[in-house]
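# Close look at the chain arrangement
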Amino acid sequence: IYQCYDLADVAGKQMCTMKGSQVLGNSYQLCDSPAVLAEFLERVYNNRNVVATKMNAGSSRSHCAITLTLLTHDTNSDEFRQTAFSIVDLAGAERPEKASHTGKRMTKDEAVLELYTFFKKGCQGTLSLELQGYLINFELMGLLDAVVTATNAAKQGGAYKAQNF
């Protein structure tokens, strides 16, 4: 279930689309003061999808990536320098025995059955914390696999080609 939203949007409801590993439709905002940057980060933080677990009152259920580009001006040489910072918040993946309501790890069969039921009912209702944790861990394993594959390709002088989902 891959849904992308622009968390910088005031309401956090602006849908984005995925083209391979690239997100299209996301917004850009000029942050020319610490106050504007703080407001921007607070808006993104508040638009995240969170749920209370036994371990964390605001456990993130979504991944979030922010790239901050800093431009500095050297007045002596009249040159600009550009630096980029990435902030990544990966969805919470707490241990089931500490975070879920049942305290047990969901099996693949249980996950498929709950997803089937959820889709059959027209995506009405909410997914259990156990299924959310299962899906988050599944996504994180996919991310790990992509990072390892990209690292190995770079070590061999090759390029990484993202898989389309």
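Throughout what follows, the structure given in this document is the object of discussion. (Residues numbered from 1 in each chain as written. Predicted model: local features only at pLDDT ≥ 70, side-chain atom pairs only at ≥ 80, totals over all residues. Heavy atoms only, no water.)

## Considerations on the overall build of the chain
Along the chain, the regular secondary structure elements total four helices and seven strands. The linear arrangement of helices and strands in the chain, starting from the amino end, is β-β-β-α-β-β-β-β-α-α-α. Counting the 165 residues in the chain, one finds 21% classified as buried. Sequence separation of 24 or more characterises 46% of the internal contacts of the chain that already satisfy a separation of 6 or more. Taken as a whole, the chain presents about 12200 Å² of accessible surface, with 57% of it coming from carbon and sulfur. (Helix = DSSP H or I, 4+ residues; strand = E, 2+ residues; numbered from the N terminus. Buried < 20%, exposed > 50% of the residue type's maximum accessible area, 1.4 Å probe, protein only. Contact = heavy atoms within 4.5 Å. Areas by Shrake-Rupley, 256 points an atom, 1.4 Å probe, with all protein chains shown as cover.)

## Considering the sheet that holds strand β3 (residues 22–24)
As summarised here, the arrangement of the three strands in space is β1-β2-β3, forming an open sheet in which the pairing is antiparallel. Only two strands of the sheet have a single neighbouring strand rather than two, namely β1 (4–6) and β3. On average, adjacent strands in this sheet sit at an angle of 45° to one another, irrespective of strand direction. Bridge analysis of β1 against strand β2 (residues 14–19) gives three bridges, and the strand direction is antiparallel. Bridge assignment links Y5 to a residue of β2, and that residue is M15. (Pairing = 2+ DSSP bridges. Axes fitted to C-alpha atoms, helices over the stretch in contact; angles between N-to-C directions.)

## Concerning helix α3 (residues 108–120)
For α3, with 13 residues, the first-to-last C-alpha span of 18 Å sits near the 18 Å given by 1.5 Å per residue. For α3, the complete set of buried residues consists of A111, L115 and F118. Down the axis, α3 shows its buried residues gathered within 60° of arc, on one side only. Along α3, exposed side chains directed more than 90 degrees from the buried face belong to D109, L113, Y116 and K120. On its buried side, α3 packs onto α4 (129–155). Just downstream of α3, G122 is the residue with a positive phi angle, here 75°. (Expected span 1.5 Å × (residues − 1). Arc of directions from axis to C-beta.)

## Some words on the packing of aromatic side chains
Under the criterion given, the structure shown has one aromatic pair. Pairing F118 with F119 gives two aromatic rings, centres 5.9 Å apart and planes at 65°, and the pair type is edge-to-face. For F119, a relative accessible area of 42% gives the class partly exposed. Looking at R48, its charged tip hangs above the ring of Y45, at a distance of 4.1 Å from the centre. (Phe/Tyr/Trp six-rings, centres within 6.5 Å; stacked < 30°, edge-to-face > 60°. Lys NZ or Arg CZ within 6 Å of the ring centre and 35° of its normal.)

## Points about the pairing of strand β7 (residues 79–89)
Of all the 11 residues making up β7, zero are buried; the element is thus mostly uncovered. Taking the residues that link successive antiparallel strands as the turn, the strand β6 (residues 64–74)-β7 hairpin has four residues, and the phi of D78 there is positive, at about 60°.

## Some thoughts on helix α1 (residues 34–46)
When the terminal C-alpha atoms of α1 are compared, their 18 Å separation across 13 residues agrees well with the 18 Å that a helix rising 1.5 Å per residue should span. Residues of α1 that are buried sit in contact with β6.

## A short note on unusual backbone geometry
If you check the backbone angles, D78 has positive phi at about 60° while not being a glycine. Secondary-structure assignment places D78 in the loop between β6 and β7. Even without being a glycine, C123 presents a positive backbone phi close to 60°. Locating C123 in the fold gives a position in the loop between α3 and α4. Judged by its relative accessible area of 39%, C123 falls in the partly exposed class.

## Digging into the pattern of salt bridges
In a structure, side chains of opposite charge can pair up when their charged atoms sit close to one another. The tally for this structure, following the rule as stated, stands at one salt bridge. With its nearest N and O atoms 2.6 Å apart, the salt bridge here joins R43 to E39. Here R43 and its partner E39 are both found in helix α1, four residues apart, which amounts to about one turn of the helix. (Salt bridge = Lys/Arg side-chain N within 4 Å of Asp/Glu carboxyl O.)

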